[in-house]
Amino acid sequence: MKVSKELPLKSVDYKWDRMKRPHKKENLSKEKAVEFESKQFEEYYVWLQEHMPESFFEEVDSQQYMLIAHYLMGFPLQDNFSQIQLKDVAFVLALDDPDVDIRILKNFNLNGIKNYQTFTSNVPPPFPGVKKKLKIAIIYFTSFTEELETQDVNKILPKKKQEELYAQLREQDPTISKEEFEALLMRIGPTFVRSISSERLIIALRMFFRAKTRDNCQYETHFNENWKKQKGNPPSLRIVFAWRNTPKYKFLFRMAKLIYRHNLKLVKVNSAYINPYSKNSILIMSLGLHGIKGKAAWEEADIQDFLQEMVTLKYFPEGDLIENVFVEPGLLRGNTGNLLRTMASFVHQTLVHADINLYTFENIEEGLCRHPELTVQLCKAFELKFHPEKKDLEEYKREKEKFMILADHLDTGNELNDMRRKNILKQAMHFVDFTLKTNFYRNNKSALSFRLDPKYLNYVPYNRREKFPELPYGIFFIKGMHFMAFHIRFKDLSRGGLRTVFPQRHEQMVSERNNVFSECYNLAFTQQKKNKDIPEGGSK
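What counts and what doesn't
- Residues numbered from 1 in each chain as written.
- Predicted model: local features only at pLDDT ≥ 70, side-chain atom pairs only at ≥ 80, totals over all residues.
- Heavy atoms only, no water.
- Helix = DSSP H or I, 4+ residues; strand = E, 2+ residues; numbered from the N terminus.
- Buried < 20%, exposed > 50% of the residue type's maximum accessible area, 1.4 Å probe, protein only.
- Contact = heavy atoms within 4.5 Å.
- Areas by Shrake-Rupley, 256 points an atom, 1.4 Å probe, with all protein chains shown as cover.
- Lys, Arg positive; Asp, Glu negative; His and termini not counted.
- Charge placed at Lys NZ, Arg CZ, Asp CG, Glu CD.
- Pairing = 2+ DSSP bridges.
- Expected span 1.5 Å × (residues − 1).
- Axes fitted to C-alpha atoms, helices over the stretch in contact; angles between N-to-C directions.
- Salt bridge = Lys/Arg side-chain N within 4 Å of Asp/Glu carboxyl O.
- Phe/Tyr/Trp six-rings, centres within 6.5 Å; stacked < 30°, edge-to-face > 60°.
- Polar contact = N/O pair within 3.5 Å; in protein donor to acceptor, adjacent residues only side chain to side chain.

### Looking at the overall build of the protein
- In terms of regular secondary structure, the protein is built from 22 helices and 14 strands.
- Along the first, second and third principal axes, the C-alpha atoms of the protein reach 95 × 65 × 45 Å.
- A burial count over the protein gives 50% of its 540 residues as buried.
- Nonlocal contacts in the protein, meaning residues at least 24 apart in sequence, comprise 67% of its contacts between residues at least 6 apart.
- On the protein, roughly 27,500 Å² of surface is accessible, and the fraction owed to carbon and sulfur atoms is 49%.
- Within the protein, the 70 negative side-chain charges are centred at a point lying 2 Å from the centre of the 83 positive side-chain charges.

Written out as structure tokens, the structure reads:
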């Protein structure tokens, strides 16, 4: 929508209660009510026209604009948060806070979001006591019928602009054909194309073509060091990424929580799903970030830590016990929370053979969360051993010894619970101690992987030889999106097969989860016996 700004606008003294309510016995009460509403509507219509950015008017049509103006009239009555729900789009009016995107997206967890845009006014809305600016979010939902429709690529982008973009894209990736380029533009749609600059659009297209053949997140970052000299509200950090098979539900909400947790705020965000109903859907997103307190993003947040957590966002659950106990209160970073979830899965695989009922996965999580101070110390020990810059093996040894002493002295008066929690905490520390290498601190990955010294099996609280007669040569543990896996080999050079289990129901998953390590070990051990007459050892 294009709203003309050439007409002279009268100066209005914005005052919420400047007109009295018409008395019901007055003959002209209807006329006065209509006059009252008409004046208010005109004033808020004009206020939006004067103080919202130009890009806002390109995204709404005349009927939507009038609807937003009507909702703005009653904005204080709705506690400064108004939600307008239409068939394929929603509008949300809110005051601009660091966590405003979390509050907006929280109400749309069950919707597939195709595109999300926010626009901020240049002054606070005209209500008494309101000092924060108005933020209007536009949320477009995925629609299957829309996916079946074809669009004219020339309506999305002028022909000359297409040629310029394609030429620049070909310079960076000569393998991209004109047909692929035009097909992608039609899939992205005009909303996303209009909302970002040509430079970022080229990056987004390039990231998309990379994501077609890669599972991990494909992203580029741009640090805007001259943000103070630019007009408006420019973000100091821009991230453009494309990610294959990203969930449509809750993902943007989780992204907003992640950004807020790292002392950052969303200044601009644009996203689009390509082929959202296919098995190879790809999310393209452009983020503009800034520090919550107004400083540059890199001055208020550890950007490397933020990026490492961002690229694992879809691989781990949210809202679980570990997030509630450690991540939300700030006891652990989000990345370390993912490490703790991985530890819980590994410790469960180790202890379930001692007592399948005592060491359920839920009890393992509870044991790690029951004494937060010890679990935080456990994660600190991992950092001291493996962090590329903070590595200190002498300090790690002292931290480990201190941890083991404290774990041994746990005493809550319930002997059975104390024994269970002691074993859980000790096995978690053995996981750290016997890990030889890990990809945890890599900037990009599609799962967390660990190679362990098999001698950790000598420290389990049961007779290891009865369950696992021989120690393998190497054990690898992998935890990712909806899966965990082991690779076990009995020689450096080994051969074997691959076994994948796809549970059909939750009950089957719970049952199969108890046997992942033991089944992998037994299959590898059997293969080792079969290979007795050849140089290669057995593996699985």
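Don't stop here, the text continues.
### Looking at the pairing of strand E7 (residues 264-274)
- Burial analysis of E7 places nine of its 11 residues in the buried class, which makes it a mostly covered element.
- The sheet contact formed by E7 and strand E8 (residues 282-291) spans 10 bridges and is antiparallel. Bridging from a neighbouring strand, Lys-268 pairs with Gly-288 of E8.

### Some thoughts on helix H15 (residues 334-351)
- Its 18 residues give H15 an end-to-end C-alpha distance of 26 Å, which sits within 8% of 26 Å, the value for a rise of 1.5 Å per residue.
- When you tally the buried positions in H15, you get 18 out of 18 residues, the bulk of the element.

### Looking at the sheet that holds strand E4 (residues 134-141)
- Ordered by their spatial adjacency, four strands build an open sheet running E1-E2-E4-E3, and the pairing between neighbours is antiparallel. The open sheet has two edge strands, strand E1 (81-85) and strand E3 (113-120), and neither has a second partner. Averaged over neighbouring strand pairs, the angle between their axes works out to 15 degrees when direction is ignored.
- By the bridge criterion, five bridges tie E1 to strand E2 (residues 89-95) in an arrangement that is antiparallel. In the strand pairing of E2, Ile-84 is matched with Phe-91.

### With respect to the pattern of salt bridges
- Going through the model one piece at a time under the given rule, you end up with 27 salt bridges.
- Between Asp-96 and Lys-135 there is a salt bridge whose closest N-O contact spans 4.0 Å. Linking Asp-96 in the loop between E2 and helix H4 (100-105) with Lys-135 in strand E4, this pair joins segments that are 39 residues apart in sequence.
- Owing to a relative accessible area of 23%, Asp-96 belongs among the partly exposed residues under this scheme.
- Note that Asp-99 and Arg-103 form a salt bridge whose closest N and O atoms lie 3.9 Å from each other.

### Structural notes on the packing of aromatic side chains
- Per the counting criterion, the structure on display carries 33 aromatic pairs.
- With a centroid separation of 5.6 Å and an interplanar angle of 50 degrees, the aromatic rings of Phe-41 and Tyr-45 are classed as tilted. Within this pair, Phe-41 and its partner Tyr-45 are both found in helix H1 (residues 29-51), separated by four residues, close to a single helical turn.
- Between Phe-346 and Tyr-456, the ring centres sit 5.2 Å apart and the planes meet at 55 degrees, which makes this aromatic pair tilted. Note that Phe-346 is positioned in helix H15 and Tyr-456 in the loop between strand E10 (447-452) and helix H20 (464-467), a separation of 110 residues in sequence. Each of the two residues, Phe-346 as well as Tyr-456, counts as buried.

### A look at helix H19 (residues 415-434)
- Spanning 20 residues, H19 covers 28 Å between terminal C-alpha atoms, matching the ideal 28 Å at 1.5 Å per step.
- The backbone nitrogen of Leu-416 lies 3.3 Å from a side-chain oxygen of the residue at the head of H19, namely Asn-414.

Function-wise, these values are silent; they only describe arrangement.
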